[in-house]
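Here is how the chains run, residue by residue.
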Amino acid sequence: AVQAPVLQAIRYAPVPIRGYGLEPLLNDDFSSSNFSALWSSSGRGDLAVIRAMGANAVRLYGDDPALDHGPFLDEASSLGLRVLVGISDYPYIQMANSCKHTLFDCYDVIKKQYSQLLQSGFFLENRS
């Protein structure tokens, strides 16, 4: 029998420590191009560090479908890292008409948000 590869993932959300004069984050989508200084090989190289620690996947949080994730996905792929796409809490509790405004009937809100994530680059043409 063929064994499926074991997934060894690390959660990626490098939230800065508060209280050091840092302004509030305008967006917590750390896999967007806005934060390439953290994860790219031309920056701090977080993804290379994750790979060097033995991980073969990275789990994301706070993904914003309006932002560009292509460079992050390319960097992860070049390092042999799979990407597990998360979904932000934005459609659950923050946006207008969020789940908390629909008596937590979240199906339509979350379906739309996740569909937008897939359409904005988190879904490859080869359906992987």
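Before going into details, it helps to say that this report is about the structure given with it. Predicted model only: the values in this text are computed from it and were never measured.

**Topic: the state of the cysteines**
So, point 1. The full count for this structure, using the stated rule, is one disulfide.
So, point 2. Between the sulfur atoms of Cys99 and its disulfide partner Cys106 the distance amounts to 2.3 Å. Here the two residues Cys99 and Cys106 agree in accessibility, since each one is buried.

**Overview of unusual backbone geometry**
So, point 1. Notably, Leu103 is not glycine yet its phi reads approximately 55 degrees, a positive angle.
So, point 2. For Leu103, the position within the fold is in the loop between α4 (90-94) and α5 (107-122).
So, point 3. Overall, Leu103 belongs to the exposed group, its relative accessible area being 80%.

**Quick word on α5**
So, point 1. Here α5 has its buried residues at Val109, Ile110, Gln113, Leu117 and Phe122. Seen end-on, α5 carries its buried residues on one side only, within an arc spanning 100 degrees. Exposed positions of α5 whose direction lies more than 90 degrees from the buried face are Tyr107, Asp108, Lys111, Lys112 and Gln119.
So, point 2. Those residues of α5 hidden inside the fold are in contact with β2 (57-60), α3 (70-78) and α4.

**Side note on the nonpolar core**
Soluble globular proteins tend to pack their nonpolar side chains together in the buried interior.
So, point 1. In this structure, Tyr12, Leu47, Ile50, Val58 and Phe72 are the most contacted members of the largest nonpolar core, which totals 17 residues.
So, point 2. Of all the secondary structure elements, the ones that give two or more residues to this core are α1 (36-39), α2 (46-52), β2, α3 and α5.
So, point 3. Considering every element that reaches this core, the biggest residue donor is α3, with three residues.
So, point 4. Filtering out sequence-adjacent residues up to four positions away, Val58 remains in contact with Ile10, Tyr12, Leu47, Ile50, Phe72, Arg82, Val83 and Leu84.
So, point 5. Grouped together as the second largest cluster of nonpolar side chains are five residues, Met95, Cys99, Cys106 and Ile110 included.

**A short note on the side chain of Asp46**
So, point 1. For Asp46, the location among the structural elements is in helix α2.
So, point 2. For Asp46, the side chain forms a polar contact with the side chain of Arg44, separated by 2.7 Å.

The rules behind the values
- Residues numbered from 1 in each chain as written.
- Predicted model: local features only at pLDDT ≥ 70, side-chain atom pairs only at ≥ 80, totals over all residues.
- Heavy atoms only, no water.
- Disulfide = S-S within 2.5 Å.
- Buried < 20%, exposed > 50% of the residue type's maximum accessible area, 1.4 Å probe, protein only.
- Helix = DSSP H or I, 4+ residues; strand = E, 2+ residues; numbered from the N terminus.
- Arc of directions from axis to C-beta.
- Contact = heavy atoms within 4.5 Å.
- Core = buried A, V, L, I, M, F, W, Y, C linked by side-chain atoms within 4.5 Å.
- Polar contact = N/O pair within 3.5 Å; in protein donor to acceptor, adjacent residues only side chain to side chain.

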